[in-house]
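Chain by chain, the residues run as shown.
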2 protein chains.
Amino acid sequence: MDDGSGPGDPAAAGSRSRDAGMTDSSSVAPAFDTKLYADGITFEGEDATLLRAIDDAGSLNAAVETLGRSYSRAHKRLSRLEEAFGSLVVSQRGGTGGGGSALTDRGRALLTRFERLRSGLSGVTEVAETVLPGEVIARTGEIATVETAAGRLRALAPPDAPAMFVTIRADTVTLQDADAAPPAAETSARNRFHGTVRGVEHGESVVTVTVDIGADRPLVALITDRSSDMLDLEPGAAVVTSFKTTATRATPRNPRE
Amino acid sequence: MDDGSGPGDPAAAGSRSRDAGMTDSSSVAPAFDTKLYADGITFEGEDATLLRAIDDAGSLNAAVETLGRSYSRAHKRLSRLEEAFGSLVVSQRGGTGGGGSALTDRGRALLTRFERLRSGLSGVTEVAETVLPGEVIARTGEIATVETAAGRLRALAPPDAPAMFVTIRADTVTLQDADAAPPAAETSARNRFHGTVRGVEHGESVVTVTVDIGADRPLVALITDRSSDMLDLEPGAAVVTSFKTTATRATPRNPRE
DNA sequence: GAGCGTTGTTCCGCCATAGACACAACGGGG
DNA sequence: CCCCGTTGTGTCTATGGCGGAACAACGCTC
């Protein structure tokens, strides 16, 4: 089951135009399936909803009823999952109400583990990012130095590709006051660019700031409104942007992209 | 197709013990499927490998031959994909060698977009993280203040859950010299904890540092060896750890976990 | 002891998916 | 002009997954 766009419809992730697809390149939305692998099978979205339904309903029968699935299949699936993941549900046959099923601690833990992973993955698809084209000019191990329009930066990069896209997640970008910017030496070395604020877009309690750093596309930073107030950000303001190299990733690109 | 563990076998992501599954809770490995959604269908891992094979082989026929798939199915799949994503391949019927197929710029761009997404998602499953249990004590919009064993921190959190797990990705944690730690006011406000280095594990050009910050589990930070040298990190050293609240996510947990 | 609703297990059949196969169209090369 | 290998299209078939149904076992309640 697709759970790549948070709860509900995968189409909800990006605003798409229904008509085209031919011309509008922005109509393709990133998505993903969350999985937990063990021993040979993977615990997926459908399995998570099944466990949740059992937890709610108190019986496998009632669970598959509400989900519109078949009992036999769900039971088999549960058996296979328990071979790999251990006991997930305890079932009583006979007794009050005819019996029932309930999640074990392990089953409940697996469910929260799944949700935790899903939350982390959803960050990749939901958070804005800026991608800068560049060329690798040096490399030490898994870290490459990439020359971009904004300047040189260091990022995790796969080997053997001279042309790269560097993608910088907005939630990893830190903004600092341009005047009081501390010297780079006394913190963990980081990618650091001076820029001027282009736009400030307020969310509920979070602010998306676009900063011109000399590239053709601005750097996007996601910070709390509290931070935004402290730095009193407004268009035209000078800021220092910084982001860790271990948090930015480069991927190969076609040289003429 | 499963691509949640990088290229190849999904089992490669975590070292698992083949025998159990019953007792070893760490034998479950996170994984994912990368998807690009457009108009009604999703471009998935299989589609990506098909496009790559076409790009390599120069013809759809040779591509499906090397992949062991059927021509008819691959052709139909391509047609459906192109309805949603636009022209992905150009094909010539007849001519030298009987004809052939090649990727369009759009097709190649879709491929790199897919790979870029996959790279970002793989960061979630590959990078170490520390998860701290805690209780929500305040909330403003999508940001919650969570009380943990290490102290209070702020994180993105779903509504309506008092008990939370806060997960902090190692690549979002910044280390600073404890002596020269700048005041928190002049940067974007961040979660900040004093701690002492417990372990330093060297990778190829990257260092994993575990820092005791007062919780029962240490905070894990992933920094470059260059940064590690500058801070001259070693067990027992005092450091200041900091991480952005927009980069840390909280997920509901069972109160007794 | 009968009734009830659940678990646990098996078997059957439907249907969607994918491979296998066939065949026309195409266009350069020998 | 024929040959070739590819594209493009349709059809047949096998397989796997899933729903549906049937039935025994179970244990509390009445």
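Everything numeric here is computed off the predicted structure, so don't read it as measured data. (Residues numbered from 1 in each chain as written. Chains lettered and ligands numbered in written order. Predicted model: local features only at pLDDT ≥ 70, side-chain atom pairs only at ≥ 80, totals over all residues. Heavy atoms only, no water.)

**Considerations on the pattern of salt bridges**
Item 1. Counted by the stated rule, this structure contains 24 salt bridges over all chains.
Item 2. Salt-bridge contacts for A:Asp47 lead to A:Arg77; the nearest nitrogen and oxygen are separated by 2.8 Å. Here A:Arg77 lies in helix H3 (residues 71–85) and A:Asp47 lies in helix H1 (residues 45–57), a separation of 30 residues in the sequence.
Item 3. Accessibility expressed as a relative area gives 26% for A:Arg77, which makes it partly exposed.
Item 4. Connected via shared salt-bridge partners are A:Asp33, B:Lys35 and B:Glu44. (Salt bridge = Lys/Arg side-chain N within 4 Å of Asp/Glu carboxyl O. Helix = DSSP H or I, 4+ residues; strand = E, 2+ residues; numbered from the N terminus. Buried < 20%, exposed > 50% of the residue type's maximum accessible area, 1.4 Å probe, protein only.)

**Considerations on the interface of chain A and chain B**
Item 1. The interface of chain A with chain B comprises 94 residues on the first partner and 93 residues on the second.
Item 2. When chain A packs against chain B, close to 7,400 Å² is buried across both sides, 51% of that on carbon and sulfur atoms.
Item 3. When residues of chain A are sorted by the area they lose upon contact with chain B, A:Tyr37, A:Arg116 and A:Arg249 head the list and together hold 10% of the total.
Item 4. For the pair chain A and chain B, the number of links is six salt bridges.
Item 5. With its nearest N and O atoms 3.1 Å apart, the salt bridge here joins B:Asp33 to A:Lys35.
Item 6. The biggest single contributor to the side of chain A that touches chain B is helix H4 (residues 105–126) of chain A, with 17 residues. (Contact = heavy atoms within 4.5 Å. Buried area = accessible area lost by both parts, 1.4 Å probe.)

**Focus: the protein's contact with DNA strand C**
Item 1. As a matter of local geometry, DNA strand C sits amid 23 residues, with A:Leu60, A:Asn61, A:Ser101, B:Arg73 and B:Gly94 nearest to it.
Item 2. Within 4 Å of the protein, the contacting atoms of DNA strand C are 68% sugar and phosphate, with bases supplying the remainder.
Item 3. A distance of 3.3 Å is found between a sugar or linking oxygen of DNA strand C and a backbone nitrogen or oxygen belonging to B:Gly95.
Item 4. Of all the elements in the fold, those that place two or more residues in the surface near DNA strand C are helix H2 (60–67), H3, strand E3 (89–93) and strand E4 (99–103) of chain A together with helix H3 (71–85) of chain B.
Item 5. Here the element with the most residues in the surface near DNA strand C is H3(A); it accounts for four residues.
Item 6. Taken together, the residues of the surface near DNA strand C sort by class into two nonpolar, 16 polar and five charged. (Near = heavy atom within 4 Å. Polar contact = N/O pair within 3.5 Å; in protein donor to acceptor, adjacent residues only side chain to side chain. Nonpolar A, V, L, I, M, F, W, Y, C, P; charged D, E, K, R; others polar.)

**A few points about the protein's contact with DNA strand D**
Item 1. By nearness alone, 23 residues border DNA strand D, and A:Ser70, A:Arg73, B:Leu60, B:Asn61 and B:Ser101 come closest of all.
Item 2. Counting only the atoms of DNA strand D that lie within 4 Å of the protein, the sugar and phosphate share comes to 68%.
Item 3. Within the side chain of A:Ser72, one N or O atom sits 3.0 Å away from a base oxygen of DNA strand D.
Item 4. Take A:Gly95: an N or O atom from its main chain is 3.3 Å from a sugar or linking oxygen of DNA strand D.
Item 5. A total of four residues in the surface near DNA strand D trace back to one element, the largest contributor, which is H3(B).

**Things to note about the environment of B:Ala102**
Residues and elements named next belong to chain B.
Item 1. Tracing the sequence through the fold places Ala102 in strand E4 (residues 99–103).
Item 2. Residues Ala102 and Asp55, 47 residues apart in the sequence, show an inter-C-alpha distance of 5.9 Å.
Item 3. Setting aside chain neighbours within four positions, we find Ala102 in contact with Leu88, Val89 and Val90.

**Regarding the relation of the copies chain A and chain B**
Item 1. Superposing chain A onto chain B requires a rotation of 180 degrees together with a translation of 0.0 Å along the rotation axis, leaving an RMSD of 0.1 Å. With respect to symmetry, the two chain copies, as superposed, fit the operation of a two-fold axis. Rotation axis and chain A: the residue whose C-alpha lies nearest the axis is A:Asp33, separated from it by 2.4 Å. (Least-squares fit on C-alpha atoms with pLDDT ≥ 70 in both.)

**Topic: the environment of A:Ala150**
All names here are of chain A.
Item 1. Inspection of the secondary structure assignment puts Ala150 in the loop between strand E6 (143–148) and strand E7 (151–156).
Item 2. Taking C-alpha positions, Ala150 is 9.5 Å from Gly134, a pair spaced 16 residues apart along the chain.
Item 3. With residues near it in sequence (within four places) discarded, Ala150 still touches Phe193, Ile213, Gly214 and Ala215.

**Focus: the sheet that holds strand E11 (residues 206–212) of chain A**
Residues and elements named next belong to chain A.
Item 1. Strand order in this open sheet of five strands is E9-E13-E10-E11-E12, and the pairing throughout is antiparallel. Sheet topology places strand E9 (174–177) and strand E12 (219–224) at the edges, where each strand pairs with a single neighbour. The mean inter-strand angle of the sheet, taken between neighbouring strand axes irrespective of direction, is 45 degrees. (Pairing = 2+ DSSP bridges. Axes fitted to C-alpha atoms, helices over the stretch in contact; angles between N-to-C directions.)

**A closer look at the packing of aromatic side chains**
Item 1. Per the counting criterion, the structure on display carries six aromatic pairs over all chains.
Item 2. Seen in terms of ring centroids, A:Phe43 and A:Phe85 are 6.0 Å apart; in terms of plane orientation they differ by 65 degrees. Their pairing is edge-to-face. Of this pair, A:Phe43 sits in strand E2 (residues 41–43) while A:Phe85 is found in helix H3, placing the two residues 42 residues apart along the sequence.
Item 3. On the basis of relative accessibility, which here comes to 0%, the residue A:Phe43 falls in the buried class.
Item 4. Between B:Phe193 and B:Phe243 the ring centres are 6.1 Å apart and the planes differ by 35 degrees, which places this aromatic pair in the tilted class. Separated by 50 residues along the polypeptide, B:Phe193 in strand E10 (residues 191–202) and B:Phe243 in strand E13 (residues 238–243) bring together distant segments of the chain. Comparing B:Phe193 with B:Phe243, the two get one shared label, buried. (Phe/Tyr/Trp six-rings, centres within 6.5 Å; stacked < 30°, edge-to-face > 60°.)

**Quick look at the pairing of strand E7 (residues 151–156) of chain B**
Residue and element names in this part refer to chain B.
Item 1. A large share of E7 lies buried, amounting to five of its six residues.
Item 2. Bridging between strand E6 (residues 143–148) and E7 involves six bridges; their strand directions are antiparallel. By the bridge assignment for E7, Glu147 is matched with Arg152.
Item 3. Connecting the antiparallel pair E6 and E7 is a turn made up of two residues.

**Focus: the confidence of the model for chain A**
Item 1. Across chain A, the average pLDDT comes to 88, with 86% of residues at 70 or higher.
Item 2. Of the regions scoring below 50 in pLDDT, residues 5–24 of chain A engages in 29 contacts with residues more than four places distant in sequence or in other chains. (pLDDT = per-residue confidence, 0-100.)

**Some words on the packing of H4(A) against helix H4 (residues 105–126) of chain B**
A packed helix pair is summarised by two numbers, namely the angle formed by the two axes and the spacing between the axes.
Item 1. Look at H4(A) against H4(B): their axes get within 9 Å of each other, and the N-to-C directions meet at 150 degrees. In terms of orientation, H4(A) and H4(B) fall into the roughly antiparallel class. As H4(A) packs across H4(B), the resulting crossing turns out to be right-handed. Together, A:Leu117, A:Gly120, A:Leu121, A:Val124 and A:Thr125 of H4(A) and B:Leu117, B:Gly120, B:Leu121, B:Val124 and B:Thr125 of H4(B) make up the contact between the two elements. (Parallel < 35°, antiparallel > 145°, perpendicular 65-115°, else oblique. Left-handed = near helix turned anticlockwise from the far one by under 90°.)

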